Amino acid sequence: MTRRMSHCLLALSGLAVLGACTTSPSVGSATTSTVTDATTTAPADTTSTTDSLAAATTTTTETTEAPAPALTLRVDGIGAFDLGSPAPDVLGALTAHLGSPDTDEPRFYPAPDGSGGYTTPDGEFGFVQSVGRSVCWLLGFCAEFGGGVAASDAQLQLTGWSYGGDTSGELSTADGITIGTLWSDAPTMTVRPGGCYSQGYGETGDGIRLTLQSNGIPFSEFDSGGNYLEHLPDSADVEVFSMDAGDIPAFLFADC
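Residues numbered from 1 in each chain as written. Predicted model: local features only at pLDDT ≥ 70, side-chain atom pairs only at ≥ 80, totals over all residues. Heavy atoms only, no water.

Engineer: Explanation requested: the side chain of Ser134 in the structure shown.
Structural biologist: As for its placement among the helices and strands, Ser134 is situated in strand 10 (residues 131–136). One polar contact links Ser134 to Glu144, side chain to side chain, over a distance of 3.0 Å. Not counting residues up to four positions away in its chain, the partners in contact with Ser134 are Thr103, Asp104, Glu105, Arg107, Ala143 and Glu144. (Helix = DSSP H or I, 4+ residues; strand = E, 2+ residues; numbered from the N terminus. Polar contact = N/O pair within 3.5 Å; in protein donor to acceptor, adjacent residues only side chain to side chain. Contact = heavy atoms within 4.5 Å.)

Engineer: How should the sheet that holds strand 6 (residues 103–108) be read in this particular structure?
Structural biologist: In a beta sheet, neighbouring strands are held together by backbone hydrogen bonds and run either parallel or antiparallel to one another. In space, the eight strands of this open sheet follow the order 6-10-11-12-18-15-14-13, with antiparallel pairing throughout. Two strands bound the open sheet, and with one partner strand each, they are strand 6 and strand 13 (190–196). The sheet shows a mean angle of 20° between the axes of neighbouring strands, taken without regard to direction. Sheet topology places strand 11 (residues 141–147) next to strand 12 (residues 157–164); six bridges connect them, and they run antiparallel. Considered in strand 12, the bridge of Ala143 is made with Trp161. Along the sheet face, helix 2 (residues 87–98) touches strand 10, strand 11 and strand 12 and points at about 170° away from the line of strand 11. (Pairing = 2+ DSSP bridges. Axes fitted to C-alpha atoms, helices over the stretch in contact; angles between N-to-C directions.)

Engineer: Looking at this structure, I do not really get the packing of aromatic side chains. What am I missing?
Structural biologist: The geometry of an aromatic ring pair comes down to the distance between the two centres and the angle between the two planes. Counted by the stated rule, this structure contains eight aromatic pairs. Seen in terms of ring centroids, Phe125 and Phe251 are 5.5 Å apart; in terms of plane orientation they differ by 50°. Their pairing is tilted. Of this pair, Phe125 sits in strand 9 (residues 125–127) while Phe251 sits in strand 19 (residues 250–251), placing them 126 residues apart in sequence. Phe251 gets classed as partly exposed once you look at its relative accessible area, which sits at 42%. Seen from their ring centres, Tyr197 and Phe222 are 6.5 Å apart, and the 55° between their planes marks the pair as tilted. On the criterion of sequence distance, the pair formed by Tyr197 in the loop between strand 13 and strand 14 (199–203) and Phe222 in strand 16 (residues 220–222) is long-range, its members being 25 residues apart. When its relative accessible area of 46% is taken as the criterion, Tyr197 is described as partly exposed. (Phe/Tyr/Trp six-rings, centres within 6.5 Å; stacked < 30°, edge-to-face > 60°. Buried < 20%, exposed > 50% of the residue type's maximum accessible area, 1.4 Å probe, protein only.)

Engineer: Can you walk me through the pairing of strand 13 in this structure?
Structural biologist: Within a regular strand, the side chains alternate between the two sheet faces. Where strand 13 lies against strand 14, four bridges are found, and the strand directions are antiparallel. Each bridged residue has a counterpart across the sheet, and for Thr190 the counterpart in strand 14 is Glu203. Adjacent in sequence and paired antiparallel, strand 13 and strand 14 are bridged by two residues, among which Tyr197 carries a positive phi angle near 60°.

Engineer: Which parts of the structure should I look at to understand the layout of surface pockets?
Structural biologist: Summary: where empty space remains is shown by rolling a probe the size of a single water molecule over the atoms. Taken as a whole, the largest pocket spans an internal volume of roughly 670 Å³. Around the largest pocket sit 29 residues that line it, and Thr211, Ser242, Asp244, Ile248 and Pro249 are the ones nearest its centre. Going through the elements one at a time, strand 10, strand 11, strand 12, strand 13, strand 14, strand 15 (209–214), strand 18 (238–246) and strand 19 are the ones with two or more residues in the lining of the largest pocket. Among the residues making up the lining of the largest pocket, the classes are represented as 15 nonpolar, eight polar and six charged. (1 Å grid on protein atoms, 1.4 Å probe; cavity = no way out; pocket = protein on both sides within 12 Å on 5 of 7 lines; lining within 4 Å. Points joined across faces, edges and corners; volume = space filled by probe spheres on them. Nonpolar A, V, L, I, M, F, W, Y, C, P; charged D, E, K, R; others polar.)

Engineer: What is the right way to look at the environment of Leu158 in this model?
Structural biologist: Residue placement: Leu158 occurs in strand 12. Relative accessible area serves as the criterion here: at 3%, Leu158 is assigned to the buried category. For the pair Leu158 and Ser85, spaced 73 residues apart in sequence, the C-alpha separation works out to 5.4 Å. Those residues within four positions of Leu158 in sequence are excluded, and the remaining contacts are Ile78, Phe81, Asp82, Leu83, Gly84, Ser85, Val90, Ala143, Glu144 and Phe145.

Engineer: I would appreciate a short explanation of the nonpolar core in the present structure.
Structural biologist: As a rule of thumb, soluble globular proteins bury nonpolar side chains together. Formed by 33 residues in total, the largest nonpolar core has its most connected members in Leu73, Leu94, Phe141, Phe145, Tyr163, Met189 and Met243. Contributions of two or more residues to this core are made by helix 2, strand 10, strand 11, strand 12, strand 15 and strand 18. Not counting residues up to four positions away in its chain, the partners in contact with Met189 are Ile177, Trp183, Glu203, Leu210, Leu212 and Val240. (Core = buried A, V, L, I, M, F, W, Y, C linked by side-chain atoms within 4.5 Å.)

Treat this as a map of the structure, not an account of what it does.
Printed below as a string of structure tokens:
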């Protein structure tokens, strides 16, 4: 944020008015002549002096740019923007906070998946719309936009967001959950037993999806007999690995 400071200094001026001194002779009778010394001081021009004198003052004007609204992670949007907000508005706010994005890629999902969604031609990724745009920043935040087959960039709308890989805590939920938050420090989190080996899943109190990492026992494993076992690790060993909300592109070939 920038601050601009301007200073104006009024100089103090003074006016001194000096009196004048005069002597005038006075003639008496024929027999007596007397000279009288008369000293006269001209009155000060108080009106002129008052108009000329001013108290010294210093005026400081401070101009502060209003900060942009915080980009709080929400289950139904981000910051002041709900899911469905126009792409140009959302991207303007994100860029003001995070700088220029590192990647900005159009995505196309031309093949209907039979369930109301769409996939890439190879079936590897699925999305809720046939046209998408994925805009990502280096800290690990991505905003996803989508629209119909004829949608231009200006017509695309925010469909969801994802966040992962960051350790700065730049973005967080209203109650402070961010990447690396421990389950033990955020008891409002819901964590489910089972998962994909050391990775598990859960939600924040308001429904933001969480991918979790266990630094203790795994969320799931297979025993020596090939039986699948589910575990619920200790809360002090479970931390947030990534977060997402809304509709984002899905990798359809995952093995867990």
